[in-house]
Amino acid sequence: LKYGYLRFPGDSYFTNAMKYIQEKHGQRKACQFVVSSDDRNWAAAQPVFNASHIHIVAAGHSAGQDLAVLSNCHHVILSLGTYGWFAAYLSSRQAGSSIVYHKDEF
């Protein structure tokens, strides 16, 4: 959000991406989502992330620890930046994993 040339995806992107993963993998009720951000307060204030099946990574972890958590997720929804791309790359080793990316980032 600090750079004018990047287009952060809107709420509908995240809602649709979560729905896609839930429907593709038949996990509508059991699927849990993890949000990692360098601005956890901002992430917690977003209505799209305010649901019982969505968890924001707690403060106090290093970026490496957050990356380790994300790399163990079965599926990844990317927003902006290389951090998410690395998480997706590391998690893609799992069979059947899905990676959803925002095609209009730039």
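Trainee: In this structure, what is going on with the overall build of the protein? I would like to understand it.
Mentor: Of regular secondary structure, the protein possesses four helices and four strands. Helices and strands in the protein line up, N terminus first, as α-β-α-β-α-β-α-β. Taking all 106 residues of the protein together, the buried fraction comes to 33%. For the protein, the share of sequence-separated contacts (at least 6 apart) that also reach a separation of at least 24 residues comes to 42%. With an accessible surface of roughly 7,000 Å², the protein has 55% of that area assigned to carbon and sulfur atoms.

Trainee: When you look at the pattern of salt bridges in this model, what are you seeing that I'm missing?
Mentor: Here the idea is simple: oppositely charged side chains can pair when their charged atoms come close. Tallied over the full model, the rule gives one salt bridge. The salt bridge involving Asp66 is made with Arg40; its shortest N-O contact spans 2.4 Å. Here Asp66, found in helix α3 (residues 63-71), pairs with Arg40, found in helix α2 (residues 40-45); they are 26 residues apart in sequence, far enough to count as distant.

Trainee: How do you make sense of the packing of α3 against helix α4 (residues 82-91) when you look at a structure like this?
Mentor: A pair of packed helices is captured by two measures, namely the crossing angle of their axes and the spacing between those axes. Between α3 and α4, the shortest axis-to-axis distance is 8 Å and the interhelical angle comes to 45°. Classified by the interaxial angle, the pair formed by α3 and α4 is oblique. As α3 packs across α4, the resulting crossing turns out to be right-handed. For the pair α3 and α4, contact is made by Ala63, Asp66, Leu67, Leu70 and Ser71 and by Tyr83, Phe86, Ala87, Leu90 and Ser91, respectively. Of the residues in the contact of α3 with α4, the class split is seven nonpolar, two polar and one charged.

Trainee: What's the story with the packing of aromatic side chains in this structure? I'm lost.
Mentor: Geometrically, a pair of aromatic rings is defined through the distance of the ring centres and the angle of the planes. Tallied over the full model, the rule gives two aromatic pairs. Taking the centre distance of 5.0 Å and the plane angle of 70° together, the rings of Tyr13 and Phe14 count as edge-to-face. According to the relative accessible area criterion, Phe14 is buried, its value standing at 8%. Ring geometry for Phe14 and Phe49: centres 5.2 Å apart, planes at 70°, overall edge-to-face. Separated by 35 residues along the polypeptide, Phe14 in helix α1 (residues 11-24) and Phe49 in the loop between α2 and β2 (54-56) bring together distant segments of the chain. Pair check on accessibility: Phe14 and Phe49 agree, each one buried. Here the aromatic residues Tyr13, Phe14 and Phe49 are joined through ring pairs into a cluster of three or more.

Trainee: Looking at this model, I keep getting lost on the side chain of Ser71. Mind explaining?
Mentor: Considering the arrangement of structural elements, one finds Ser71 in helix α3. Residue Ser71 is classed as buried on the basis of its relative accessible area, which comes to 10%. Here the side chain of Ser71 touches Ala68 through a polar contact of 2.9 Å, landing on its backbone oxygen.

The rules behind the values
Residues numbered from 1 in each chain as written. Predicted model: local features only at pLDDT ≥ 70, side-chain atom pairs only at ≥ 80, totals over all residues. Heavy atoms only, no water. Helix = DSSP H or I, 4+ residues; strand = E, 2+ residues; numbered from the N terminus. Buried < 20%, exposed > 50% of the residue type's maximum accessible area, 1.4 Å probe, protein only. Contact = heavy atoms within 4.5 Å. Areas by Shrake-Rupley, 256 points an atom, 1.4 Å probe, with all protein chains shown as cover. Salt bridge = Lys/Arg side-chain N within 4 Å of Asp/Glu carboxyl O. Axes fitted to C-alpha atoms, helices over the stretch in contact; angles between N-to-C directions. Parallel < 35°, antiparallel > 145°, perpendicular 65-115°, else oblique. Left-handed = near helix turned anticlockwise from the far one by under 90°. Nonpolar A, V, L, I, M, F, W, Y, C, P; charged D, E, K, R; others polar. Phe/Tyr/Trp six-rings, centres within 6.5 Å; stacked < 30°, edge-to-face > 60°. Polar contact = N/O pair within 3.5 Å; in protein donor to acceptor, adjacent residues only side chain to side chain.

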